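# Topology and contacts: notes
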Amino acid sequence: MKKGIWALAIIMICSMFKIAAQERCLTSQNLKKLDESWENALLELNLDFIKNNVSDDFIWIHNHASRIDNKESIIKSGQKFLDSNIRNSKSRIQKEVKVIISGNTGVVTGFTEVIRSNGTTRMTFNFMRTYAEVDGKCYLIANHTMAIPAKENN
């Protein structure tokens, strides 16, 4: 009888570890989906997504540190665009997205083609975003983007 209880306990513990592993947000598929949602949040000015999925100590370094944002500044900038009813971008399309996971950290890299609202300005950015898993939820903690010069876009 005691052997049966021990066997049942071991099976239950193993099942809990398997379930916990499946619930991790830090998988390649989940990070690609989360990163795509980040791009959509920027396009649609979804400030709730940013508030709920970006770390409080987030940092975004743009082209050669020409601009450095934090969570507060992107929310403020997004609110400014919402208030003025102006949209800066018409579309944001990700390409060549790759994911690297190490421990509780994931890095998503790739390219984003941005078509500005005027429809004629196209820009391509190389990005590298870092996500950290905290208590089973993934947060964007850092973003680095570089504009690819037009002559290199071809």
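Residues numbered from 1 in each chain as written. Predicted model: local features only at pLDDT ≥ 70, side-chain atom pairs only at ≥ 80, totals over all residues. Heavy atoms only, no water.

## Description of the pairing of strand S4 (residues 105–116)
Most of S4 sits inside the fold, with nine of its twelve residues counted as buried. Here S4 pairs with strand S5 (residues 122–134) via eleven bridges, running antiparallel. When the bridges of S5 are listed, Thr 105 appears paired with Ala 132. (Buried < 20%, exposed > 50% of the residue type's maximum accessible area, 1.4 Å probe, protein only. Helix = DSSP H or I, 4+ residues; strand = E, 2+ residues; numbered from the N terminus. Pairing = 2+ DSSP bridges.)

## As for the packing of aromatic side chains
All chains considered together, the criterion is met by two aromatic pairs. The interplanar angle of 65° and the centroid separation of 5.6 Å between the aromatic rings of Trp 38 and Trp 60 together place this pair among those described as edge-to-face. Of this pair, Trp 38 sits in helix H2 (residues 28–44) while Trp 60 sits in strand S1 (residues 54–61), and the two are 22 residues apart along the sequence. Residue Trp 60 is classed as buried on the basis of its relative accessible area, which comes to 8%. One aromatic cluster is present, built from ring pairs that chain together Trp 38, Phe 58 and Trp 60. The ring of Tyr 139 has Lys 137 sitting right over it, with the charged end atom 5.4 Å from the ring centre. (Phe/Tyr/Trp six-rings, centres within 6.5 Å; stacked < 30°, edge-to-face > 60°. Lys NZ or Arg CZ within 6 Å of the ring centre and 35° of its normal.)

## Section: the environment of Leu 34
Mapped onto the elements, Leu 34 comes out in helix H2. A residue is classified by how much of its surface remains accessible, and Leu 34, at 15% relative accessible area, is buried. Expressed as a C-alpha distance, the spacing of Leu 34 and Tyr 139, which sit 105 residues apart in the sequence, is 9.1 Å. Residues contacting Leu 34, with those up to four places away along its chain left out, are Phe 49, Asn 53, Tyr 131 and Cys 138. (Contact = heavy atoms within 4.5 Å.)

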